[in-house]
2 protein chains.
Amino acid sequence: MVKQQQSSSHAGLFETVASQAALLGSPARLKILLLLAQSPRSVEALALETRESVANTSQHLKKLREGELVNVERSGVSRIYRLADERVALVVETLFDLAELRSTAYREASRLLVGQEELSPLSVEQMRREIQEDRAVLIDVRDTVESCETPVSGAVSIPLGELEAELIKLSRTKTYFVVCRGRACGQATQGVRLLRKKGLQAYRVKESPAALRLKARSLLASKPRKDTT
Amino acid sequence: MVKQQQSSSHAGLFETVASQAALLGSPARLKILLLLAQSPRSVEALALETRESVANTSQHLKKLREGELVNVERSGVSRIYRLADERVALVVETLFDLAELRSTAYREASRLLVGQEELSPLSVEQMRREIQEDRAVLIDVRDTVESCETPVSGAVSIPLGELEAELIKLSRTKTYFVVCRGRACGQATQGVRLLRKKGLQAYRVKESPAALRLKARSLLASKPRKDTT
DNA sequence: TGCATATTCAAGCGTTCTATTGAACAGTTG
DNA sequence: CAACTGTTCAATAGAACGCTTGAATATGCA
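What counts as what
Residues numbered from 1 in each chain as written. Chains lettered and ligands numbered in written order. Predicted model: local features only at pLDDT ≥ 70, side-chain atom pairs only at ≥ 80, totals over all residues. Heavy atoms only, no water. Contact = heavy atoms within 4.5 Å. Buried area = accessible area lost by both parts, 1.4 Å probe. Salt bridge = Lys/Arg side-chain N within 4 Å of Asp/Glu carboxyl O. Helix = DSSP H or I, 4+ residues; strand = E, 2+ residues; numbered from the N terminus. Near = heavy atom within 4 Å. Polar contact = N/O pair within 3.5 Å; in protein donor to acceptor, adjacent residues only side chain to side chain. Nonpolar A, V, L, I, M, F, W, Y, C, P; charged D, E, K, R; others polar. Phe/Tyr/Trp six-rings, centres within 6.5 Å; stacked < 30°, edge-to-face > 60°.

## Focus: the interface of chain B and chain A
Taken together, the contact between chain B and chain A spans 63 residues of the former and 63 residues of the latter. Counting each side, the surface lost to burial between chain B and chain A is near 5,800 Å², with a carbon and sulfur contribution of 63%. A salt bridge links Asp85(B) to Arg102(A); the nearest nitrogen and oxygen atoms lie 3.9 Å apart. Element by element, the count of residues in the side of chain B that touches chain A is highest for helix α5 (residues 86-102) of chain B, at 10 residues.

## Some words on unusual backbone geometry
One non-glycine residue with positive phi stands out, namely Glu68(A), at about 60 degrees. One can find Glu68(A) in the loop between α4 (54-66) and β2 (70-75).

## Observations concerning the protein's contact with DNA strand C
Around DNA strand C, a shell composed of 23 residues is seen, among which Arg29(A), His60(A), Lys63(A), Ser58(B) and Tyr81(B) lie nearest. His60(A) places a side-chain nitrogen or oxygen 2.5 Å from a phosphate oxygen of DNA strand C. Glu44(B) places a polar main-chain atom, nitrogen or oxygen, 2.9 Å from a phosphate oxygen of DNA strand C. Where the surface near DNA strand C is concerned, the elements lending two or more residues are α4 of chain A together with α3 (43-50), α4 (54-66) and β3 (78-83) of chain B. A per-class count over the surface near DNA strand C returns 7 nonpolar, 9 polar and 7 charged.

## Notes on the packing of aromatic side chains
Considering all chains together, one arrives at 6 aromatic pairs over all chains under this definition. One aromatic cluster is present, formed by Phe14(A), Phe96(B) and Tyr106(B) through successive ring pairs.

## Considering the protein's contact with DNA strand D
Inspection of the region around DNA strand D gives 26 residues, with Glu44(A), Ser58(A), Tyr81(A), His60(B) and Lys63(B) positioned closest. Backbone atoms, meaning sugar plus phosphate, form 77% of the atoms of DNA strand D positioned within 4 Å of the protein. One of the backbone N or O atoms of Arg79(A) is found 3.2 Å from a phosphate oxygen in DNA strand D. One nitrogen or oxygen atom from the side chain of Arg29(B) is found 3.1 Å from a phosphate oxygen belonging to DNA strand D. Going through the elements one at a time, α3 (43-50), α4 and β3 (78-83) of chain A together with α4 of chain B are the ones with two or more residues in the surface near DNA strand D. The biggest single contributor to the surface near DNA strand D is α4(A), with 6 residues. For the surface near DNA strand D, the per-class residue count stands at 8 nonpolar, 10 polar and 8 charged.

Put into structure tokens, the structure is as follows:
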């Protein structure tokens, strides 16, 4: 038995937050947001990459638009959607963090897709130091479109498809960190396996480019260092 | 037209994240989580404070339990629910951040409930410095149960109901920062208005106790200072 | 043992959500 | 102007959701 207490929310504060949070409660929309976090895309492109119908994708985008999470602009015959704010990507990332922390179902699914042994044992700060001191190289295996639109500072762009051909140029004395779209993307794992098959020391970076950008910024804020790249 | 690209999610990675995110897409559950972020509570207490039926509250809690966001333990005749992890509170806080950033509806609702002019113009770090150097006092106006369970480091606990009686003891030369449950809670605003009516310089702290704890920790990590309190 | 209390369960009802289908609506290009 | 393309809209069926009601379960206490 507890004494009653004014809930102090006459207005729809919780309702507005919930309606935006509910937008993140659909796999289809999470996929869309993850893709938009890499680079702007047309409806058709999103539909193709999420394997959903165009109409369905358009409807999801409509909701995301109404929820002020994405913006549209016309470009010729198509409409290009983009995240309304980089911080939207970070919130999505936070949800993946949460699932990793607190959902056994997620961890099982993740084990199947991404593997564990490829993960980098180093923190982002440690990796960054290794890279800055030339003992390691950070490879971004995403499409060039994506790595141009949302570049990872200090990373070399080698799309996964070209990685095998580039292997010959890689130094055997360095450590390789591989980054892709983030947790829910298997590309980095594939890249790591490719590198390891050639005897190179390679690890997967768990964080998404957006999260890396944020961390880089806060690292710079707390202890400024000279920028490589 | 974009070249097709393996979506690389055979397993239900997005589905698992979405199912957890969907839990946060309901106002009733957000209220529950906000309350649990302050202190553990029984089903009945939660039902009373959220003004929902007990059965309904129980069902929401069941979902939250299945989603591994809360834990239960028996205590005599009632069952006490608590957040499974402090980081769950931070994710909820993040969603409120997002709404504040990106939902005009939220900002309107917030203006009605919480007011703007009471907000502290200082960052958390600045406030903490003021407090450590004795120019300011941080007042936690939550119930003593809550302020004991999730204390705010450096804060004095004066429940809102007792604030008026305590006014006489407050120094006129100091600045007062008032903290409550966070963004969606009007108590701090009421406290600030009370203090200002007496001519004291007072501001509302937007962050929740959980967020303050996190920030305090990372501040300590980056530039260690001696701990007051 | 039996009653009171706190919580959960089961069923039901109205609403909302997702994905599908087919049509409508621009802009673009010949 | 007409054909085409990319996108949105409208209508729909099926599932899921949120809340209510009433009953069932389990613990504490006389």
